[in-house]
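Examination of the molecular architecture
Listed below are the residues making up each chain.
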Amino acid sequence: MRARAAAMFQPPVCRPDWNSRILLLLLLFVYCSLRAAQAAKPKGPGQTHLNSIRIDGDISLGGLFPVHARGHDGKPCGELKKEKGIHRLEAMLFALDRINNDNNLLPNITLGARILDTCSRDTHALEQSLTFVQALIEKDGTDVKCLGGGAPIITKPERVVGVIGASSSSVSIMVANILRLFKIPQVSYASTAPELSDNTRYDFFSRVVPPDTYQAQAMVDIVKAMRWNYVSTVASEGNYGESGVDAFIQKSREDGGVCISQSVKIPREPKQGEFDKIIRRLRENPNARVVILFANEDDIRRLLHAAKKANQTGHFIWVGSDSWGSKISPVVHQEEMAEGAVTILPKRQSIKGFDRYFISRTLENNRRNIWFAEFWENNFSCKLSRHAVKKGSGLKKCTNQERIGKDSNYEQEGKVQFVIDAVYAMAHALHGMHQELCPGKVGLCAKMDPINGTHLLKHIRRLNFAGIAGNPVLFNENGDAPGRYEIYQYQITNQTAEYKIIGHWTDQLHLNVRPMQWPGGVRQIPSSICSHPCQAGERKKIVKGMPCCWHCERCDGYQYQADTYTCKMCRFDLRPNVNHTGCVPIPIVKLEWSSPWAVFPVLIAVFGIMATVFVVVTFVRYNDTPIVKASGRELSYVLLTGIFLCYATTFLMISTPDVGICSLRRIFLGLGMSISYAALLTKTNRIYRIFEQGSMSVSAPKLISPASQLAITFTLASVQLLGVCIWFGVDPSKAIIDYEDQRTSNPVMSRGVLKCDISDLSLICLLGYSMLLMVTCTVYAIKTRGVPETFNEAKPIGFTMYTTCIIWLAFIPIFFGTSQSTEKLYIQTTTLTISVSLSASVSLGLLYMPKVYVVLFHPEQNVPKRTRSLKAVVTAATMSNKFNPKAGLRPNGEAKTELCESLETQTFPTKQTYISYSNHAI
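Residues numbered from 1 in each chain as written. Predicted model: local features only at pLDDT ≥ 70, side-chain atom pairs only at ≥ 80, totals over all residues. Heavy atoms only, no water.

For the rest of this paragraph, the subject is the overall build of the protein. Scanning the protein from N- to C-terminus turns up 24 helices and 29 strands. Counting across all 922 residues of the protein, residues that qualify as buried make up 53%. Of the roughly 41900 Å² that the protein leaves accessible, carbon and sulfur atoms contribute 56%. (Helix = DSSP H or I, 4+ residues; strand = E, 2+ residues; numbered from the N terminus. Buried < 20%, exposed > 50% of the residue type's maximum accessible area, 1.4 Å probe, protein only. Areas by Shrake-Rupley, 256 points an atom, 1.4 Å probe, with all protein chains shown as cover.)

Here it is as structure tokens:
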């Protein structure tokens, strides 16, 4: 046994500032009554004190443990805590025994202890912890009077050089504020509140467990790994619960992707029905199934009970902090309610040596623990006193033959390792201080009498040794231990409930999802999300203030999903794909040869061209016959050329547009009609002038020779060519893709139209000149309607122009009325080509088919008549029109042939009244 130092500790001279002095006087006043009540009892070594254990030694360490739960109804303490209280307290006693029996650590120096019960209440712990500073308070109490008026009676307490504890963060914070005033180092084994990392306020506080900032980060990582983004939080009122939840919320905001549905705080003194009210609040948003718990053991148990009473078994998924860890007490009799809970605990190992030590404790060998008898009764459900056993209570008298682990369940509490490490940290720091200040000396030297708390704190912060479980024990500049956690899940398998390790966290999460099991034995991870993921082609519209909650809006029309939150319009030549996640080229269409819209115009054009060629061949074959000669051969061939070009235009309009095709369209679309109507206009104008002049005089009109007629026709047609040339110079021809023509409201139906750059206005201008010629020709046809048809072609030309006008009057509303139709390309092209072909067909059918019929089938009518003078012919025609209305009964072309032949064969002397019209035909 080590020799104990005989030197008595002398109280140091303390010179606190005025604020500290006032605080200390108030605290001393509080204890006057307590110490007066205890003054009559002598205090010897090894004796127990009120709510405390005292173990003598050369150096005394303080200890703070929640041996009892928080009391109710005005009582400071409640029921005994077997695991969190007794296990941890015994761990400190176990560590002291090991250190005092270790010849290499603090040789010849014995560690004593003063261990107090905090009763899980910070205010009660503060009262108890004043015991630690009694030896340091100045004993000049002359100005202090007790309530009875007498002087205070002050015993000489042992000097505490360091404190192990406390468990709860709120208790540690309260105690740390006192201990720092007297420069007493404090090492906690379970307090994890982030607030305690503030080295400016808690400079004498250290801990062998990591702060909740690491724990909160680990819990955020768990939530994100499970793909939960909508959770609720529940915190016990106080520094531990509130700081833990604040740290979780801060980390979740920094990392993003996690939102808080409800944030509920459990009051220190919860009223009846308070937990039922909390469960109702958590149920307000059924999508938030995950509940983050930073609550003490008692609150967790009562919360689970309230959830069970509300029939919410299997609904909530609990994620508990280290206050839950792997404890049995919160889940006793409500295992199904806790099934699937994911809890976190600083990485630890079960200490086999402590197990052997604890299960060997009996009432006989553990008298130093004043609460062990109460633990014995609680653990074995018996009473030590026979008089305390009531009939029908189900309790029995303790026999002292019961054994821990044999007659009762035993499982080592999760913080036992850290209690032992905390005691060893204090011992190693004292050992290092002794080696520095007392080298080569046995026991305490003068330099360590008294022990300087600031110097001891420096040695604590420099520590780096292997703890009881082999893990390194070290502290950073704030006195915090590194973050090392184990992840547990509470599972029920074959009606057996247990905590299973499913992963660990050391700066980052390592989680094994495969063995995880959820309420009801389900393997699939339950969901806890505010909004389901949007489908492809939908953007998220975030709910204000809730980045995890959103509404899904479809990117409609020509929009595509540019990113998660944005829809953008596709480029003009693109349309969205099927799921609106991108854009694809709009299909290009053109009028195909196989299309029904093209087949019919092509058939008309083919038959028209065949008919035109047939007429031309017939005229060439019978070029010198009277019918052909009387029709005006030169203009007839020009007119037939225009008709041919009108039919040929159909093929240009249906061909695939390119620069060449578009150029030919510009040239020939209007040119064929211009040539046709120029020839007809020249012909009707010549008839009109001849008969108009003949009715007044026998003088021949000017410019009626075939050469003159051709010159007039080509001059009129050249105007069209001139306009086209100017158009080419101003705007060269090109093929374009028009994406507006068939840009429907439904992008699927949208098409790009390959066409020539001829707008509707350009088309009107292109055909406008031909329309002008057609209208002028119609006017002359009307003027010559009184001339007998036996002498001219005025009436057939008139019928031709009337029909043509009707065709084009029908064309205009059809063409422009379909300008907004999705079938615009097909309707307009078909309408235009058919209108042009019909115009040509009317001219071909009314003007030339009767002649071809006579030439081929009635050659007897295609014979020359006797020749008369021009005057005679014109006079005869005029008088015939006046006096013989039935002159038209003569065969078609008879008088006309006579007139034409007379003009071609008669020759008059230049000085005669009659002018020769040799080789001229009307």
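Having seen it, we continue.
On to a positive patch on the surface. On the surface, Lys 271, Lys 277, Arg 280, Arg 281 and Arg 283 cluster together into a patch of positive charge. Within the secondary structure layout, Lys 271 lies in the loop between strand S10 (259-266) and helix H7 (274-282). What makes Lys 271 exposed here is its relative accessible area of 64%. (Patch = residues over 30% accessible without salt bridge, like charges linked within 9 Å, V, L, I, M, F, W, Y side chains within 5 Å. Salt bridge = Lys/Arg side-chain N within 4 Å of Asp/Glu carboxyl O. Lys, Arg positive; Asp, Glu negative; His and termini not counted. Charge placed at Lys NZ, Arg CZ, Asp CG, Glu CD.)

What follows deals with a nonpolar patch on the surface. A cluster of nonpolar side chains, namely Val 599, Leu 603, Val 606, Phe 607 and Met 610, defines an oily patch on the protein surface of about 460 Å² accessible area. For Phe 607, the location among the structural elements is in helix H14 (residues 596-621). Judged by relative accessible area, which is 56%, Phe 607 ranks as exposed.

Once that is clear, we can look at helix H19 (residues 760-783). Given 3.6 residues to a turn, an α-helix orients residues that are three or four positions apart in the same direction. Spanning 24 residues, H19 covers 33 Å between terminal C-alpha atoms, matching the ideal 34 Å at 1.5 Å per step. At Gly 768, H19 shows its largest bend, some 35 degrees. Taken together, the buried positions of H19 are Ser 762, Leu 763, Leu 766, Leu 767, Tyr 769, Ser 770, Met 771, Leu 773, Met 774, Cys 777, Thr 778 and Ala 781. (Expected span 1.5 Å × (residues − 1). Bend = angle between axes of the 7 residues up to and from the residue.)

One pass over the full model with this rule turns up nine disulfides. With its sulfur 1.7 Å from that of its partner, Cys 555 forms a disulfide with Cys 567. For the disulfide bridge between Cys 555 and Cys 567, the dihedral angle about the S-S bond is near -70 degrees, and by the sign convention the bridge is left-handed. Within this pair, whereas Cys 555 is found in the loop between strand S22 (546-554) and strand S23 (559-563), its partner Cys 567 is found in strand S24 (residues 566-569), the two being separated by 12 residues in sequence. Side by side, Cys 555 and Cys 567 carry an identical accessibility label, which is buried. (Disulfide = S-S within 2.5 Å.)

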